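Overview (structure and organization)
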There are 2 protein chains.
Amino acid sequence: MVNNENTEIKIIEAAKEVFVHKGYDGARMQEIADKAEINKALLHYYFRSKTKLFEKVFNNIFKEIVTGVAASIENSKNIEELIENFVNVYFEELKKKPYIPQFVLHEINRNPEMIVDLIKSNGVDKQKFIGVILKEGNRKDLRPFNPIQILVNVLSMTIFPFVASGIIKGFIFDGDEDAFDTFINERKSHIVEFVQVAIFKK
Amino acid sequence: MVNNENTEIKIIEAAKEVFVHKGYDGARMQEIADKAEINKALLHYYFRSKTKLFEKVFNNIFKEIVTGVAASIENSKNIEELIENFVNVYFEELKKKPYIPQFVLHEINRNPEMIVDLIKSNGVDKQKFIGVILKEGNRKDLRPFNPIQILVNVLSMTIFPFVASGIIKGFIFDGDEDAFDTFINERKSHIVEFVQVAIFKK
DNA sequence: ATTATGTTTAACTATTTGGTTAAACCAGTT
DNA sequence: AACTGGTTTAACCAAATAGTTAAACATAAT
């Protein structure tokens, strides 16, 4: 009984790092071991296989995202608040962990069946997420857009720039990191404004 | 001299299929050979290495996308037309090839340096893409949004649903394919309407 | 028919990589 | 001190996989 807990955490952190940047197929157990400052055998002692380790890490990350979103919309009374809270919380989260969305989307794409178990095992309450937006959908001061479309609009505009940061950076900003950062910082309030202006009548 | 040209095409088509669905790391030369109905040695005879074959395929796909976009916005005189044309053309393209964006974004993420060469070697004229939107930016009947933000909004809303189809399908539509398809079909006109309503004053 | 050139194949090689094994190690318990 | 449990390691194994080789084959030119 020397390390245990500490080691496990170190492994998960290292695995997270490697999996997120290289994907499941591109990740190497050796690299994870190196990054965790242990050797490969110990890695397999803690998590029997690459698949098992990956599942742990992926679940971990997925839970982080879900609880993040849940918290951001928990106290939102109406659609205005919901959008503002979601975009604000999520944007800050993504600025800290910009590689997460691309990773999650790629892995779900690679193995779509996974998502069913994932939602189940994480006890995600769908209603909590789309309930507010559906209920608010028939407010008289809103344009008659399909609320699901609005939801996807907000998700798209918030998440996509991080998923496509490589292209946007290279294509629109000629590789200029600073210009891209400015753009991202400006974006948070832009989305809120843009959506508000679009959904309200008048 | 039996096959040659035909074989090369068959290889590229097979490689495209496999790379797009599995990614570079997940793709296997054997699987590509099988799908092209040849053996691995011939594969290496035509394209010396996995990397070389991948580059060819990726360039190919990238070019398709770029020319697609270029064509869609070529004859657009103002921002209204531009948005409508872009969304229409692109949506139909993506419905036919829904896996392309996720693939491209993942590979660029995996190897960001690639994009510089890619843009260079494809002779992409950036101005053509963002020129119209920048020029139209200070029309008096438009709200004073940053045109780049608008551009990214349109890109996001159009492309993201395909990148995140797995999550959207599973999460919002409980795995119901038909409901998702209906949503996608409705989406094309929704985006156009949504953006128009947002950008125009009054 | 023979030659030359490009095409196709089966069999092989070297390396990478996920995973295993058996022994050493360390701390607390008896 | 000897024992017991989990922990850690170096060395090893087997399978997968990118890439090679050398020979057979087909077609057109001489």
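Rotating chain A by 180° about the axis while translating it 0.0 Å along that axis superimposes it on chain B, leaving an RMSD of 0.1 Å. The operation mapping one copy onto its partner corresponds to a two-fold rotation axis. For chain A, the smallest separation between a C-alpha atom and the rotation axis is recorded for Ala198 of chain A, amounting to 2.1 Å. The overlap is high: 100% of the interface residues of chain A also sit at the interface in chain B, so the same surface is used on both sides.

Time to look at helix 8 (residues 126-135) of chain B. Given 3.6 residues to a turn, an α-helix orients residues that are three or four positions apart in the same direction. Turning to helix 8 of chain B, its buried residues are Phe129, Ile130, Val132 and Ile133 of chain B. One face of helix 8 of chain B carries all of its buried residues, which in axial projection span an arc of 145°. Tucked into the core, helix 8 of chain B has its buried residues touching helix 10 (165-171) of chain A together with helix 4 (50-74), helix 5 (79-96) and helix 9 (147-163) of chain B.

Right, let's get into the interface of chain A and chain B. Contact with chain A, which involves 51 residues of that partner, is made by 51 residues of chain B. Counting each side, the surface lost to burial between chain A and chain B is near 4900 Å², with a carbon and sulfur contribution of 71%. Taken together, the connections running from chain A to chain B amount to zero salt bridges. The interface formed by chain A and chain B contains twelve residue pairs in polar contact (both at pLDDT 80 or more). Going through the elements one at a time, helix 1 (5-26), helix 6 (100-110), helix 7 (114-121), helix 8 (126-136), helix 9 (147-163), helix 10 and helix 11 (177-199) of chain A are the ones with two or more residues in the side of chain A that touches chain B. Here the element with the most residues in the side of chain A that touches chain B is helix 9 of chain A; it accounts for 13 residues. Of the residues that constitute the side of chain A that touches chain B, the class distribution is 31 nonpolar, eleven polar and nine charged.

Time to look at the domain arrangement of chain A. Residues and elements named next belong to chain A. The domains assigned to chain A are domain 1 (1-48) and domain 2 (54-199). One C-alpha centre belongs to domain 1, the other to domain 2, and the line joining them spans 29 Å. Listed by partner, the interface residues are ten residues for domain 1 and eleven residues for domain 2. Summed over both sides, the interface of domain 1 with domain 2 buries roughly 970 Å², with 75% coming from carbon and sulfur. Seen at the junction of domain 1 and domain 2, the total is one salt bridge. For the salt bridge of Glu64 with Lys16, the shortest nitrogen-to-oxygen distance reads 3.0 Å. In this structure, the connection of domain 1 to domain 2 is made through two residue pairs in polar contact (both at pLDDT 80 or more).

Parameters and conventions
Residues numbered from 1 in each chain as written. Chains lettered and ligands numbered in written order. Predicted model: local features only at pLDDT ≥ 70, side-chain atom pairs only at ≥ 80, totals over all residues. Heavy atoms only, no water. Least-squares fit on C-alpha atoms with pLDDT ≥ 70 in both. Contact = heavy atoms within 4.5 Å. Buried < 20%, exposed > 50% of the residue type's maximum accessible area, 1.4 Å probe, protein only. Helix = DSSP H or I, 4+ residues; strand = E, 2+ residues; numbered from the N terminus. Arc of directions from axis to C-beta. Buried area = accessible area lost by both parts, 1.4 Å probe. Salt bridge = Lys/Arg side-chain N within 4 Å of Asp/Glu carboxyl O. Polar contact = N/O pair within 3.5 Å; in protein donor to acceptor, adjacent residues only side chain to side chain. Nonpolar A, V, L, I, M, F, W, Y, C, P; charged D, E, K, R; others polar. Domains from an automatic or database assignment.

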